[in-house]
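# Structural overview for review
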2 protein chains.
Amino acid sequence: MKNHLLKQLFGIKYPIIQAPMAGGITNPNLVSSVCNSDALGFLASGYVSASVLEKQIIETKQKTKQPFGINIFLSQTIQNLQAKKQSTLINLEMQAGLQNSQKQINVSLNEEIEQKIELAVRYCIPIISFTFGIPDQKLVQYMHSKGIHVIGTATNIQEALEIERANLDSVVLQGSEAGGHRGSFIIQDQSDEVGLMSLLQVAKQKLKIPYFAAGGIATGEGLLSCRILGAQAAFIGTAFLVSQESSASRAYKDALLRSQGKQTVITEVISGKKARGVKNQLIEQMNKSASMGEPIQPYPIQNALSKDIRAYSNQAGNSEYLSLWSGQSLECIQEKSVTDILQKIIKEYEESLQNIQNLSLQ
Amino acid sequence: MKNHLLKQLFGIKYPIIQAPMAGGITNPNLVSSVCNSDALGFLASGYVSASVLEKQIIETKQKTKQPFGINIFLSQTIQNLQAKKQSTLINLEMQAGLQNSQKQINVSLNEEIEQKIELAVRYCIPIISFTFGIPDQKLVQYMHSKGIHVIGTATNIQEALEIERANLDSVVLQGSEAGGHRGSFIIQDQSDEVGLMSLLQVAKQKLKIPYFAAGGIATGEGLLSCRILGAQAAFIGTAFLVSQESSASRAYKDALLRSQGKQTVITEVISGKKARGVKNQLIEQMNKSASMGEPIQPYPIQNALSKDIRAYSNQAGNSEYLSLWSGQSLECIQEKSVTDILQKIIKEYEESLQNIQNLSLQ
């Protein structure tokens, strides 16, 4: 591991990957700033159409000459499904100040997977990562034929081994510390909530393909630890979410920066799929509602149902009714420029490396 | 950190602590073997009386001249409380082959905290760790006056800071990966389920007292990572639980060694307190029962209720009705002697250290 994989393949100096964060966080400005600071940026194409992604690719390419990746959700296509909001959600909308929203809504989701891959080919994007499953064998072969490095996402060793068997090039191991949606696709009970330290130790013994670490990594010491445990690089999300360049709303950033010392929870009540975030009224009330028997719809239906209140609260600056997705290392993040965040992590990393002789037991 | 704390204080060569495992796992033979292999052993006094502990201390001292620690549970004293077994538990007892056990049982628990501390003083035990809370200020002062190093157990940064404020000497940070009971005493939702990688990064920024790492650490790379993240040493449990010297039953060890790749869950249904273990029929059926409204009693009552079936299954060699407490790194453990387990970890640690120059980014 003399050169980390990113350096070997793409000439990137630092083994740091800005995690793709869907929902309008990772904009071209953030992504290009990461790339221009010698780390790897990632556009998140989840929830957006291929045409929106294309605009973002073009804009990012105008801002950087460096390579960047795109992330694609492998969500099921859903069209024109009618779903009814839970009465609790309607009450919460009124409490938040949102009047007269629709109670029965039309849910449609098409992640346009093939079209997004086609864009990557057309714009010479060298890396695609996938979340929520493993892409079809034909697609994998097609991407390989175009020279694209294909990354899977796993939350336990079984998923990682499935990704290896499917001939993907590498895998991001998402520890239970990670913010936002769990990338799980094989779940038995809490089998997708493995702590990163454990996940990496097991991977070091069992996995043959290269792997990346994700989940609560926010310091240089954290990055170095992951590399000692065999990770080629670390995906860093929350630390970039509060960066000056991020598109996260003021209310969202403030809530995270304020939440130092409080804890995050894993919940399904906002989107219908497990995700980690800071607990607020939205989670608390929907939990209460679910415990009293009002069913939470499966993803992406519940996500669509809770969209109105989240969008309204975002604009209104009210963090109690937002989704405050976040990892577990909130105490380690600060609102700074992307460059400052990266420099701080690299400085900590190099200082740790220099002090390491002191750790010898001889 | 030129010398780790254990070396500074007690002259112990390796920064490895055998985690105290209550319920008859960590016997004098195991503890003394660890001590005689240059690491720190720990007797677990949870669930046993002071007089049993005294016998174990004497036996351990006959087998080693090295220092070792004792762990004390800060559980509430309960006397002569009558509790009724859940009907599901009675059915499970019959399924396991246990006939005619009592349906209404007498629950008494006295951890004899003061008496155990007195034993430590009398037998010159230099280290006491506490689980499930913070000892009373007078007790802390008393132990300090006798030169005892006092360790607290925390599962999140709030608990760790409370322990620091209470003037304990150091704290073990128990990541969500850890097997057995969570040492939590301040719980809000999942605030006691923080992954070790995150817990250590946050501790490095916020804690002033020395800290130890616990939770799924089973390899030298894991140990080195924890030390880079500022931990003085690592508590290792599950890896020693399957050692040749451990008193874990054949059924228990086999179940863990067989469970590679399967996952553990955090459950309250066996003891009434959150603990991590391999899922089996006991957990599954009690979960089902709880979800249908049959209440699980608080600790230690539920622990007493489920004792008969666990003791019987242990003897009968049936792992389906045991408590299979285990951490999340099951794929990394092997049944070997204590010395071999320690040597393997130290070898991995030193090899990692030697290869570390390759991780420089310059």
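For the structure itself, look to the data block above.
Described in the following lines is the structure provided in the data block. Predicted model, so just to flag it, every value in this text is computed and none were measured. (Residues numbered from 1 in each chain as written. Chains lettered and ligands numbered in written order. Predicted model: local features only at pLDDT ≥ 70, side-chain atom pairs only at ≥ 80, totals over all residues. Heavy atoms only, no water.)

## Side note on unusual backbone geometry
Here A:Tyr299 and A:Pro300 are connected by a cis peptide whose omega angle stands at 0°. Notably, B:Glu112 is not glycine yet its phi reads approximately 50°, a positive angle. With respect to the secondary-structure elements, B:Glu112 resides in the loop between β5 (104-109) and α5 (113-122). Classification of B:Glu112 by relative accessible area gives partly exposed; the value is 21%. (Helix = DSSP H or I, 4+ residues; strand = E, 2+ residues; numbered from the N terminus. Buried < 20%, exposed > 50% of the residue type's maximum accessible area, 1.4 Å probe, protein only.)

## Regarding helix α9 (residues 220-228) of chain A
Residues and elements named next belong to chain A. Across the nine residues of α9, nine count as buried, placing the element largely inside the fold. Within the sequence span of α9, burial applies to Gly-220, Glu-221, Gly-222, Leu-223, Leu-224, Ser-225, Cys-226, Arg-227 and Ile-228. At the C-terminal side of α9, Gly-230 shows a positive phi close to 95°.

## Description of the relation of the copies chain B and chain A
With an axial shift of 0.0 Å and an RMSD of 0.0 Å, the rotation relating chain B to chain A amounts to 180°. The superposition of one copy onto the other is thereby described by a two-fold rotation axis. Mapped onto chain A, 100% of the interface residues of chain B are again interface residues, and the two copies thus contact each other with one and the same surface. (Least-squares fit on C-alpha atoms with pLDDT ≥ 70 in both. Contact = heavy atoms within 4.5 Å.)

## Focus on the pattern of salt bridges
Per the stated rule, a full pass over the model turns up 28 salt bridges over all chains. Residue A:Arg122 pairs with A:Glu54 through a salt bridge whose shortest N-O separation is 3.2 Å. With A:Arg122 in helix α5 (residues 113-122) and A:Glu54 in helix α3 (residues 50-63), this pair connects stretches of sequence that are 68 residues apart. Measuring nitrogen to oxygen at the nearest pair gives 2.8 Å for the salt bridge that ties B:Asp254 to B:Arg250. With B:Asp254 and B:Arg250 both in helix α11 (residues 250-258) and four residues apart, this pair spans about one turn of that helix. (Salt bridge = Lys/Arg side-chain N within 4 Å of Asp/Glu carboxyl O.)

## Comments concerning the interface of chain B and chain A
Taken together, the contact pairs 66 residues of chain B with 66 residues of chain A. Interface of chain B and chain A: buried area, both sides summed, is about 5000 Å²; carbon and sulfur atoms make up 54% of it. It is B:Met197, B:Leu359 and B:Leu361 in chain B that bury the most area against chain A; as a group they hold 16% of the surface buried on that side. Here chain B is connected to chain A by four salt bridges. B:Lys279 is paired through a salt bridge with A:Asp189; the nearest N and O atoms lie 2.4 Å apart. The tally of links between chain B and chain A comes to 27 residue pairs in polar contact (both at pLDDT 80 or more). For the side of chain B that touches chain A, the secondary-structure elements that each account for two or more residues are α7 (157-165), α8 (196-206), α9 (220-228), β12 (264-267) and α15 (338-355) of chain B. It is α8(B) that provides the largest number of residues to the side of chain B that touches chain A, a total of nine residues. (Buried area = accessible area lost by both parts, 1.4 Å probe. Polar contact = N/O pair within 3.5 Å; in protein donor to acceptor, adjacent residues only side chain to side chain.)

## Considerations on the packing of helix α2 (residues 28-36) of chain B against helix α3 (residues 50-63) of chain B
A pair of packed helices is captured by two measures, namely the crossing angle of their axes and the spacing between those axes. Residues and elements named next belong to chain B. The N-to-C vectors of α2 and α3 enclose an angle of 40°; their axes lie 9 Å apart at closest approach. Classified by chirality, the crossing of α3 by α2 is right-handed. Taken together, the residues of α3 that come into contact with α2 (itself represented by Pro-28, Asn-29, Val-31, Ser-32 and Asn-36) are Gln-56, Glu-59, Thr-60 and Lys-63. Considering only residue class, the contact of α2 with α3 consists of two nonpolar, five polar and two charged. (Axes fitted to C-alpha atoms, helices over the stretch in contact; angles between N-to-C directions. Left-handed = near helix turned anticlockwise from the far one by under 90°. Nonpolar A, V, L, I, M, F, W, Y, C, P; charged D, E, K, R; others polar.)

## With respect to the packing of aromatic side chains
All names here are of chain A. In the structure shown here, the tally under the stated rule is 10 aromatic pairs over all chains. Ring centres of Phe-212 and Phe-235 lie 5.8 Å apart, and the angle between their planes is 75°; on these two criteria the pair is classed as edge-to-face. With Phe-212 in strand β10 (residues 211-214) and Phe-235 in strand β11 (residues 234-236), this pair connects stretches of sequence that are 23 residues apart. What makes Phe-235 buried here is its relative accessible area of 6%. Through a chain of ring-to-ring contacts, the aromatic side chains of Tyr-47, Phe-73, Phe-132 and Tyr-299 assemble into a single cluster. Between the NZ or CZ atom of Lys-273 and the centre of the ring of Phe-132, over which it lies, the distance is 3.9 Å. (Phe/Tyr/Trp six-rings, centres within 6.5 Å; stacked < 30°, edge-to-face > 60°. Lys NZ or Arg CZ within 6 Å of the ring centre and 35° of its normal.)

Spatial relationships are all this shows, so hold off on functional conclusions.
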